[in-house]
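Coordinate inspection notes
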Amino acid sequence: MVEWAPAALRGGNTRHARNFRLMHDRPAWYVPDAYGEDAFFRDLLRVTHGATDERLARVLIAARHDCSMARRQRVRLQDPASGVMPYSRRTAFFLGGGKAMINALLRDRDEARRGGRL
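Only a predicted model underlies this, so the values are computations on that prediction, with no experimental measurement involved.

To continue, consider the confidence of the model for the protein. In this model, the protein carries an average pLDDT of 84, and 90% of its residues clear a pLDDT of 70 or more. The secondary-structure element of the protein with the lowest mean pLDDT is helix 3 (residues 68-72), recorded at 71, while helix 1 (residues 37-47) shows the highest, at 94.

Structure, rendered in structure tokens:
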């Protein structure tokens, strides 16, 4: 992630997010049910009133098939079994919200800067 904003503003509107949508063929600990590629695409068509570039949308959807990259970057997700967030088969919720996610994604960069490696 490339970020130039001061620490208090980094992440733009993403810091206000609480969840993200992702395609998944089966339940995982962070999503209770399946949400397939076709269902995701139909939802995109619905919210854009059909003004969706199908090829680009399919690339986006395929790239959102799991949370492994974000989890490797120490982004923490809310356990849906905790009852804190509403049930959703379409989205995973960030533990601490979007600001916590942005901070996790930038943590390695910030640690490297403090250690003089950047």
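Our next topic: the environment of Ala62. For Ala62, the position within the fold is in helix 2 (residues 54-63). As a C-alpha pair, Ala62 and Met23 span 39 residues in sequence and 7.3 Å in three-dimensional space.

Tracing the backbone through its elements, the reader meets Arg10 in the segment before strand 1 (19-21). Relative accessible area serves as the criterion here: at 12%, Arg10 is assigned to the buried category. Within polar-contact distance, the side chain of Arg10 engages the side chain of Asn103 at 3.1 Å.

As a further point, take the packing of aromatic side chains. Under the counting rule described, the total for this entry stands at 3 aromatic pairs. A ring pair is formed by Phe20 and Phe94, whose centres lie 5.1 Å apart and whose planes are at 20°; its orientation type is stacked. Here the residue Phe20 occupies a position in strand 1, and Phe94 occupies one in the loop between strand 2 (91-93) and helix 4 (97-114), the gap between them amounting to 74 residues. By the burial criterion, Phe20 is buried, and Phe94 matches it. Note on Trp29 and Tyr30: the rings are 5.5 Å apart at their centroids and 90° apart in plane angle, and the pair reads as edge-to-face. Residue class for Tyr30 comes out buried when judged on its relative accessible area of 10%.

This part covers the nonpolar core. Of all hydrophobic cores here, the largest spans 15 residues; its most connected members are Phe20, Leu22, Tyr30, Val75, Leu77 and Ala92. Per-element accounting of this core gives the leading share, 5 residues, to helix 4. Not counting residues up to four positions away in its chain, the partners in contact with Val75 are Ala70, Phe94, Met101, Ala104 and Leu105. Formed by 8 residues, the second largest nonpolar core is a distinct cluster that contains Phe40, Phe41, Leu44 and Ala57.

With respect to the secondary-structure elements, Gln78 resides in the loop between helix 3 and strand 2. Of the residues examined, Gln78 reaches a relative accessible area of 14% and is grouped as buried. At 2.9 Å, the side chain of Gln78 forms a polar contact with the side chain of Ser82. Residues within four places of Gln78 in sequence aside, it is in contact with Trp29, Val84, Met85, Phe93, Phe94 and Leu95.

Turning our attention to unusual backbone geometry. Where the residue is not glycine, phi is negative for most of them; where a peptide bond is considered, it is trans in most cases. Here His49, not a glycine, exhibits a phi torsion of approximately 55°, which is positive. The residue His49 is located in the loop between helix 1 and helix 2 in this model.

Now for the packing of helix 1 against helix 2. At a minimum axis separation of 10 Å, helix 1 and helix 2 run at an interaxial angle of 130°. Overall, the two elements helix 1 and helix 2 adopt an arrangement that is oblique. Crossing geometry of helix 1 relative to helix 2 is assigned as right-handed. Note on element contacts: helix 2 touches helix 1 through Glu54, Ala57, Arg58, Leu60 and Ile61, opposite Glu37, Asp38, Phe40, Phe41 and Leu44.

Calculation criteria
- Residues numbered from 1 in each chain as written.
- Predicted model: local features only at pLDDT ≥ 70, side-chain atom pairs only at ≥ 80, totals over all residues.
- Heavy atoms only, no water.
- pLDDT = per-residue confidence, 0-100.
- Helix = DSSP H or I, 4+ residues; strand = E, 2+ residues; numbered from the N terminus.
- Buried < 20%, exposed > 50% of the residue type's maximum accessible area, 1.4 Å probe, protein only.
- Polar contact = N/O pair within 3.5 Å; in protein donor to acceptor, adjacent residues only side chain to side chain.
- Phe/Tyr/Trp six-rings, centres within 6.5 Å; stacked < 30°, edge-to-face > 60°.
- Core = buried A, V, L, I, M, F, W, Y, C linked by side-chain atoms within 4.5 Å.
- Contact = heavy atoms within 4.5 Å.
- Axes fitted to C-alpha atoms, helices over the stretch in contact; angles between N-to-C directions.
- Parallel < 35°, antiparallel > 145°, perpendicular 65-115°, else oblique.
- Left-handed = near helix turned anticlockwise from the far one by under 90°.

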